[in-house]
Amino acid sequence: MSRFFIAFLPSQDIQDYANQIKQDFADRYSSSGALKSPPHITLQPPFEWADANLPLLEASLKEFARGQQPLAITLRGFDAFVPRVVYINVVRSQELLTFQANLMAYTESNLGIVDQVSKTRPFAPHITVAFRDLTKQNFKAAWPEFEKRQLHFEFTADKLTLLLHDGKRWNIKSQFAFLT
């Protein structure tokens, strides 16, 4: 069994910017947990999957992606899950919310992947830059700076990314382009 999750990865320039912010949190606030994955918007939270069935998972995600339209994604400012997590805010468009709901329904009905927590709370798209290893004290020190910091990026999401945990960090396993 391996751990996976499904996400959108922003364009490389946005990833570079987000990684600089993550490194800043690691250096200044002793929060390095966010560095253990590429900058991403989680669509399907982590789940366990049998390694022997990986071809089925990948074929199914490829099939889902083929029928999708590229989505415009806007990133604006910073927000937080107080008192531990700081993130780049993803504007909640109806297209993004619908896409994520459709993906969750598809993975549940076709692959039996169910995230019980996601069924009890609304989808909150974000790109984490400081993870739960940020202490409450360091959150209080960092948040006033990031709360006011300006940020605006736009990118087109045109592929799904499957990430695999190697025991230490999350790595890109495969990507599935939208072929509309």
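Treat the numbers as computed from the prediction; the structure is a model and nothing was measured. (Residues numbered from 1 in each chain as written. Predicted model: local features only at pLDDT ≥ 70, side-chain atom pairs only at ≥ 80, totals over all residues. Heavy atoms only, no water.)

With omega at 5°, the peptide bond leading from valine 82 into proline 83 counts as cis. In this structure, proline 83 sits in the loop between strand S3 (71-81) and strand S4 (85-90). A positive phi angle, near 55°, is found at serine 30, a position not held by glycine. Positionally, serine 30 belongs in the loop between helix H1 (12-29) and strand S2 (41-49). (Helix = DSSP H or I, 4+ residues; strand = E, 2+ residues; numbered from the N terminus.)

Once that is clear, we can look at the packing of helix H2 (residues 54-66) against helix H3 (residues 94-111). At a minimum axis separation of 11 Å, H2 and H3 run at an interaxial angle of 140°. Of the possible angle classes, the one that applies to H2 and H3 is oblique. In the crossing of H2 with H3, the sense of the turn from one axis to the other is right-handed. Listed contacts from H3 to Leu56, Leu57, Ser60, Leu61, Glu63 and Phe64 of H2 are Phe99, Asn102, Leu103, Tyr106, Thr107, Asn110 and Leu111. Residues belonging to the contact of H2 with H3 are distributed by class as follows: eight nonpolar, four polar and one charged. (Axes fitted to C-alpha atoms, helices over the stretch in contact; angles between N-to-C directions. Parallel < 35°, antiparallel > 145°, perpendicular 65-115°, else oblique. Left-handed = near helix turned anticlockwise from the far one by under 90°. Contact = heavy atoms within 4.5 Å. Nonpolar A, V, L, I, M, F, W, Y, C, P; charged D, E, K, R; others polar.)

Our next topic: the sheet that holds S3. Strand order in the open sheet formed by four strands is S5-S4-S3-S6, and the pairing between neighbours is antiparallel. One side of each edge strand has no neighbouring strand; the edge strands of this open sheet are strand S5 (126-130) and strand S6 (152-157). Mean inter-strand twist for the sheet, computed between neighbouring axes without regard to direction, equals 35°. Sheet analysis places S3 next to S4, joined by five bridges and oriented antiparallel. Bridge pairing links leucine 75 to valine 90 in S4. (Pairing = 2+ DSSP bridges.)

Here the focus is the sheet that holds strand S8 (residues 170-177). An order of S2-S1-S7-S8 is seen for the four strands of this open sheet, with the pairing classed as antiparallel. Across the chains shown, the open sheet's two edge strands, defined by having one partner strand only, are S2 and S8. Averaged over all neighbouring strand pairs, the angle between strand axes comes to 25°, with direction disregarded. Pairing geometry for strand S1 (residues 2-8) and S2, over six bridges, is antiparallel. Paired with alanine 7 across the bridge in S2 is threonine 42. Contacting S1, S2, strand S7 (159-165) and S8, H2 crosses the sheet at an angle of about 45° to S8. Sitting on the sheet, H3 is in contact with S1, S2 and S7, with an inclination near 15° to S2.

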